[in-house]
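# Structural overview for review
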Amino acid sequence: MTVLPSALHKPITTLTSLTYDELAIGQCASVSRILTQTDINLFATMSGNVDPLHFREGAGNAMVQQPVGYGMWAGALFSGLLGTRLPGPGTIYHKQNLKFLAPILLGAHVTASVTVAAKKVTPGGCHLVELDCALIDQTGSLLVEGSATVIPPLEHLDQDAQSLPDLQFIAHDQLDILTAKCADLDPLPTAVIYPCDRTSLEGACDGARLGLIEPVLVGPLDVITALARENGLDISAFRFINARHEKDAAAKGVALAKAGDVGAVMKGSLHTDELMAAVVRRDGGLRTYRRISHVFVVSVPTYPKPLLITDGVINIFPNADDKAHIIQNAVGLANVLGVKTPKVGILSAIETVNPKIISTVDAAVLCKMAERGQIKGAILDGPLAFDIAISKEAALTKGIKSQVAGDPDILLAPDLASANMLVKQLAFLSHADAAGIVLGAAVPVILTSRADSLSARLASCALAVLLSNN
């Protein structure tokens, strides 16, 4: 996920308005910019033009094999020059003519210029100024040329520039990053348990299309077939295991994993409790020596790296020993994602140990366990209030010295409710994107919610593929 400001160039701070009499033939102003994907995205958002030609290579035009900028992006650069540099604030557009000679390629370093070409007064007494417009790239090639006719400001004026608004452009790229890691891996045979609504069946189909999973559909054959036909989904290549209802589907899907016929289990439209009851059964389930726990892998727009949050699904009120296992599971996932020594922030309401707040005591115990080698491969600190955990500035303000504060890879919440609420707050108030996976079972268990986006579901599939291959 990337967060980018609306202004990618250094704004001028003082603006000068030049009157008709102050303008001279040949007077010139220019600005240089690099065309970035953010420029394209913001222009698309403003204009509504989402032509694929501007977003991906070879999008239906043999003349251009890479993304190109909007022609009127150049027009906007000219407009900015006229309104801020020459003639400056108070300028009124009268006419604009532009000729587009060559595409503006993504990444081009361009210079836009306007030059005073003529001055005239109309019979009605209106003072007009004509300016030549040109846009060249880093090679000196002329991309756009034309002219603009304007009514210049009526009086000379120096004034402070208007500050630009703080804008964020949010683009989620977690799915792209995870699927790229899976590019050389075989699709993972996955039991999709009770995919009896459009969202879950579509997720299975898209997971197969991306080469992430090889779905085995477990549920009532007639219901699934009718659902696929109704929504135009092709499931003809998938294997079926007929099951009468949710509980039967969960038992049969888990049995496939237990027998080694599939390498992962994926939740369909049944309730999480029904699936996990089959997973954790002592006879026939998928238990191992490890404690089963859940991790959300969250991409937050205002945080520079993936954030693993645990456990918001499985362990309701874990004690200190449970939390040690939960941390170790999350550390293993972080390793799979390429984080060699993850930093773990152990959350509570405060950052000091208070015997009346059990989560602070647990945090102190866990840190000591890490010191003694009972939790391996990570740097732990806690208790940490959320602001201290996530912000170096907050930590410095409160005098907290920590290797973890402001830079955690993993956040351990005190209990299920707090972890679950934290992830949902980030998702619905901060536009975060969250994938989720169950760890500690014999195979990865992909748990998704009906409210999850399709990209989050597919990212969860990618996590399962990476875990299965590590």
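This brings us to the pattern of salt bridges. Summed over all chains, the structure comprises 14 salt bridges. A salt bridge links D248 to R244; the shortest N-O distance between them is 3.6 Å. Judged by relative accessible area, which is 11%, D248 ranks as buried. Each of the salt bridges in this network shares a partner with another, and the network as a whole consists of K305, K343, D407 and D409.

Moving on: the sheet that holds strand 3 (residues 28-34). Pairing within the open sheet is antiparallel, and its 5 strands lie in the order 3-5-6-7-4. On the outer flanks of this sheet lie strand 3 and strand 4 (92-100), each paired with one strand and no other. In this sheet, neighbouring strand axes are inclined to one another by 20 degrees on average, regardless of whether the strands run parallel or antiparallel. Where strand 3 lies against strand 5 (residues 109-121), 7 bridges are found, and the strand directions are antiparallel. Looking at strand 5, one finds that S30 is bridged to S113.

When the terminal C-alpha atoms of helix 4 (residues 198-209) are compared, their 16 Å separation across 12 residues agrees well with the 16 Å that a helix rising 1.5 Å per residue should span. Turning to helix 4, its buried residues number three or more, namely S200, L201, G203, A204, C205, D206 and G207. Looking at the buried residues of helix 4, the elements they touch are strand 10 (188-193), strand 11 (213-219), helix 5 (221-231) and helix 13 (454-468). Remark: G211 follows helix 4 within two positions and exhibits a positive phi of approximately 75 degrees.

All right, on to the pairing of strand 15 (residues 307-310) then. Residues L307 and I309 point to one face of strand 15 and L308 and T310 to the other, with burial holding for every one of them. Bridging between strand 14 (residues 293-299) and strand 15 involves 3 bridges; their strand directions are antiparallel. Residue pairing across strands places V297 opposite L308, the latter belonging to strand 15. The sheet contact formed by strand 15 and strand 18 (residues 410-412) spans 3 bridges and is parallel. Opposite L308, over in strand 18, you have I410 as the bridge partner.

The next subject is unusual backbone geometry. A negative phi angle is the norm for most residues apart from glycine, just as the trans form is the norm for most peptide bonds. Cis geometry marks the peptide bond from L86 to P87; its omega dihedral reads 5 degrees. Here P87 shows up in the loop between helix 2 (71-84) and strand 4. T310 connects to D311 through a cis peptide bond whose omega is -5 degrees. Tracing the backbone through its elements, the reader meets D311 in the loop between strand 15 and helix 8 (320-336). Positive phi values are uncommon outside glycine, yet Y194 reaches one of about 60 degrees. Position of Y194 relative to the elements: it lies in the loop between strand 10 and helix 4.

The subject of this paragraph is the pairing of strand 11. With respect to burial, strand 11 is a largely interior element, 6 of its 7 residues being buried. In this sheet, strand 11 lies alongside strand 10 in parallel orientation, the contact comprising 6 bridges. Its bridge partner lying in strand 11, A191 is registered against V216. With helix 4 bridging strand 10 and the parallel strand 11, this β-α-β connection has right-handed handedness. When strand 11 meets strand 12 (residues 239-242), the two strands line up parallel, connected through 4 bridges. From the neighbouring strand, V216 faces strand 12, where its bridge partner is R239.

Where helix 4 meets helix 13, the axes come as close as 10 Å, and the angle between the chain directions of the two elements is 55 degrees. Classified by the angle between their axes, helix 4 and helix 13 sit oblique to one another. Read as a crossing pair, helix 4 and helix 13 show a hand that is right-handed. Of the residues in helix 13, those touching helix 4 at T199, S200, G203, D206 and G207 are L454, R457 and L458. Residues that form the contact of helix 4 with helix 13 fall into these classes: 2 nonpolar, 4 polar and 2 charged.

Residues L101, I136 and L142 make up a contiguous nonpolar surface patch of roughly 210 Å² in combined accessible area. A relative accessible area of 33% means that L142 is categorised as partly exposed.

Quick look at the confidence of the model for the chain now. For the chain, per-residue confidence averages 89 on the pLDDT scale, and residues scoring 70 or more make up 93% of the total. When mean pLDDT is compared element by element in the chain, strand 18 scores highest at 98, while strand 1 (residues 2-4) scores lowest at 44. This model gives residues 1-8 a pLDDT under 50, and the stretch forms 32 contacts once residues within four places in sequence are excluded.

Our focus in this paragraph is the packing of aromatic side chains. Going through the model one piece at a time under the given rule, you end up with 1 aromatic pair. Both rings, one in F43 and one in Y70, keep their centres 4.9 Å apart while their planes meet at 25 degrees; by these two values the pair is stacked. Residue F43 is located in helix 1 (residues 37-47), and its partner Y70 is located in the loop between helix 1 and helix 2; the two are separated by 27 residues in the primary sequence. Since its relative accessible area comes to 4%, Y70 is described here as buried.

The rules we used
- Residues numbered from 1 in each chain as written.
- Predicted model: local features only at pLDDT ≥ 70, side-chain atom pairs only at ≥ 80, totals over all residues.
- Heavy atoms only, no water.
- Salt bridge = Lys/Arg side-chain N within 4 Å of Asp/Glu carboxyl O.
- Buried < 20%, exposed > 50% of the residue type's maximum accessible area, 1.4 Å probe, protein only.
- Pairing = 2+ DSSP bridges.
- Helix = DSSP H or I, 4+ residues; strand = E, 2+ residues; numbered from the N terminus.
- Axes fitted to C-alpha atoms, helices over the stretch in contact; angles between N-to-C directions.
- Expected span 1.5 Å × (residues − 1).
- Contact = heavy atoms within 4.5 Å.
- Right-handed = clockwise from strand over helix to strand, strands pointing away.
- Parallel < 35°, antiparallel > 145°, perpendicular 65-115°, else oblique.
- Left-handed = near helix turned anticlockwise from the far one by under 90°.
- Nonpolar A, V, L, I, M, F, W, Y, C, P; charged D, E, K, R; others polar.
- Patch = residues over 30% accessible without salt bridge, like charges linked within 9 Å, V, L, I, M, F, W, Y side chains within 5 Å.
- Areas by Shrake-Rupley, 256 points an atom, 1.4 Å probe, with all protein chains shown as cover.
- pLDDT = per-residue confidence, 0-100.
- Phe/Tyr/Trp six-rings, centres within 6.5 Å; stacked < 30°, edge-to-face > 60°.

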